[in-house]
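Next come the chains, spelled out residue by residue.
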Amino acid sequence: DAKTTQPNSMESNEEEPVHLPCNHSTISGTDYIHWYRQLPSQGPEYVIHGLTSNVNNRMASLAIAEDRKSSTLILHRATLRDAAVYYCILSGNAGGTSYGKLTFGQGTILTVHP
Amino acid sequence: NAGVMQNPRHLVRRRGQEARLRCSPMKGHSHVYWYRQLPEEGLKFMVYLQKENIIDESGMPKERFSAEFPKEGPSILRIQQVVRGDSAAYFCASSPTDSYGYTFGSGTRLTVV
């Protein structure tokens, strides 16, 4: 499976933008980039996903580099409820693996200060 | 539109007993995935199922663990003769396709005593 690299932790202040980076230099052309987050004692929550173009939804924006070897999740105004572990995940048929399998790394622990 | 429903939320079993974890996917979702999260660790893929078929079970332990997704009813993850090392949070996810749109349930927290 193609791997992702994320910082272990990041901090932000409430109502400020947060940019969470992810490197995925071995991404293949058919891999989707997914972002999930997990709050304490809860299941992962879908945030956003994309393939090539930048994506926006009500939760966040996803900026994908032109060569697709990196991406950035952007939370436009962090709130205390955004404090969570954020996972950047690739899924696809790289190397013949199943599409339907998400490989979670350690993620980035986001701390939001009031 | 109900999300992915998992039950029970908490399950306590004595060593050697069987644990049965249930997952009802979102309406219209025919792809189901099970993940395990051991204490202080990340989520690990276990198995990917479609109705009546196991597509990828590369993350399932070779013994004591089995999964099914019958034509009718929820997906079941079954752990026979549980041991303390099986204590973990087990999450189920479903999706309408095999590429994206995964929705996770709240998990079942299994404690083996």
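Parameters and conventions
- Residues numbered from 1 in each chain as written.
- Chains lettered and ligands numbered in written order.
- Predicted model: local features only at pLDDT ≥ 70, side-chain atom pairs only at ≥ 80, totals over all residues.
- Heavy atoms only, no water.
- pLDDT = per-residue confidence, 0-100.
- Contact = heavy atoms within 4.5 Å.
- Pairing = 2+ DSSP bridges.
- Helix = DSSP H or I, 4+ residues; strand = E, 2+ residues; numbered from the N terminus.
- Axes fitted to C-alpha atoms, helices over the stretch in contact; angles between N-to-C directions.
- Buried area = accessible area lost by both parts, 1.4 Å probe.
- Salt bridge = Lys/Arg side-chain N within 4 Å of Asp/Glu carboxyl O.
- Polar contact = N/O pair within 3.5 Å; in protein donor to acceptor, adjacent residues only side chain to side chain.
- Phe/Tyr/Trp six-rings, centres within 6.5 Å; stacked < 30°, edge-to-face > 60°.
- Buried < 20%, exposed > 50% of the residue type's maximum accessible area, 1.4 Å probe, protein only.
- Disulfide = S-S within 2.5 Å.

Chemist: How would you explain the confidence of the model for chain A if you had to name every residue and give the values?
Modeler: Mean pLDDT over chain A works out to 89, with 90% of the residues at or above the 70 mark. For residues 94-98 of chain A, every residue scores under 50 in pLDDT, and the model assigns this stretch eight contacts once sequence neighbours within four places are set aside.

Chemist: Break down the sheet that holds strand 3 (residues 32-38) of chain A for me, with residues and values.
Modeler: Residues and elements named next belong to chain A. Taken in spatial order, the five strands make up an open sheet running 1-9-8-3-4, and their pairing is mixed. On the outer flanks of this sheet lie strand 1 (9-13) and strand 4 (45-50), each paired with one strand and no other. Shown here is a sheet whose adjacent strand axes are inclined to one another by a mean of 25°, direction ignored. Relative to strand 8 (residues 84-91), strand 3 is paired through seven bridges, and the arrangement is antiparallel. Across the sheet, tryptophan 35 pairs through a bridge with cysteine 88, a residue of strand 8.

Chemist: Residue-level account of the interface of chain A and chain B, with values.
Modeler: The interface of chain A with chain B comprises 19 residues on the first partner and 19 residues on the second. Of the roughly 1600 Å² buried between chain A and chain B, counting both surfaces, carbon and sulfur atoms make up 54%. Our count for the chain A to chain B interface comes out at zero salt bridges. Seen at the junction of chain A and chain B, the total is four residue pairs in polar contact (both at pLDDT 80 or more). Those elements that place two or more of their residues in the side of chain A that touches chain B are strand 3, strand 4 and strand 8 of chain A. When residues in the side of chain A that touches chain B are grouped by element, the largest group, four residues, is from strand 3 of chain A.

Chemist: Give me the lowdown on the packing of aromatic side chains, citing residues and values where you can.
Modeler: The full count for this structure, using the stated rule, is ten aromatic pairs over all chains. Considering the side-chain rings of Tyr87(A) and Phe104(A), the 5.1 Å spacing of their centres and the 85° angle between planes classify their relative orientation as edge-to-face. Of this pair, Tyr87(A) sits in strand 8 while Phe104(A) sits in the loop between strand 8 and strand 9 (108-113), placing them 17 residues apart in sequence. Here the two residues Tyr87(A) and Phe104(A) agree in accessibility, since each one is buried. Seen from their ring centres, Phe104(A) and Phe104(B) are 6.0 Å apart, and the 80° between their planes marks the pair as edge-to-face. A residue pair is termed interchain when its members come from two chains, as with Phe104(A) in the loop between strand 8 and strand 9 and Phe104(B) in strand 10 (residues 103-104). You can call Phe104(A) buried: its relative accessible area is 6%. Overall, Phe104(B) belongs to the buried group, its relative accessible area being 9%.

Chemist: Any chance you could break down unusual backbone geometry for me, citing the residues and the numbers?
Modeler: With an omega dihedral of -5°, the bond running from Asn7(B) to Pro8(B) counts as a cis peptide bond. In this structure, Pro8(B) sits in the loop between strand 1 (5-7) and strand 2 (10-13). Residue Ser41(A) is not a glycine yet carries a positive backbone phi of 65°. Considering the arrangement of structural elements, one finds Ser41(A) in the loop between strand 3 and strand 4. The class for Ser41(A) is exposed, based on a relative accessible area of 57%. In this model, Arg68(A) sits at a positive phi of 65°, which is unusual for a non-glycine residue. Relative to the assigned elements, Arg68(A) resides in the loop between strand 6 (61-64) and strand 7 (70-75).

Chemist: Could you give an account of the state of the cysteines, naming the residues involved and the relevant values?
Modeler: All names here are of chain A. The final tally for this structure, using the stated rule, is two disulfides over all chains. The disulfide partner of cysteine 22 is cysteine 88, and the S-S distance across this bridge is 2.1 Å. When the S-S torsion is -80°, as for the bridge of cysteine 22 with cysteine 88, the disulfide is left-handed. Of this pair, cysteine 22 sits in strand 2 (residues 18-23) while cysteine 88 sits in strand 8, and the two are 66 residues apart along the sequence. The exposure classification of cysteine 22 matches that of cysteine 88, with both residues buried.

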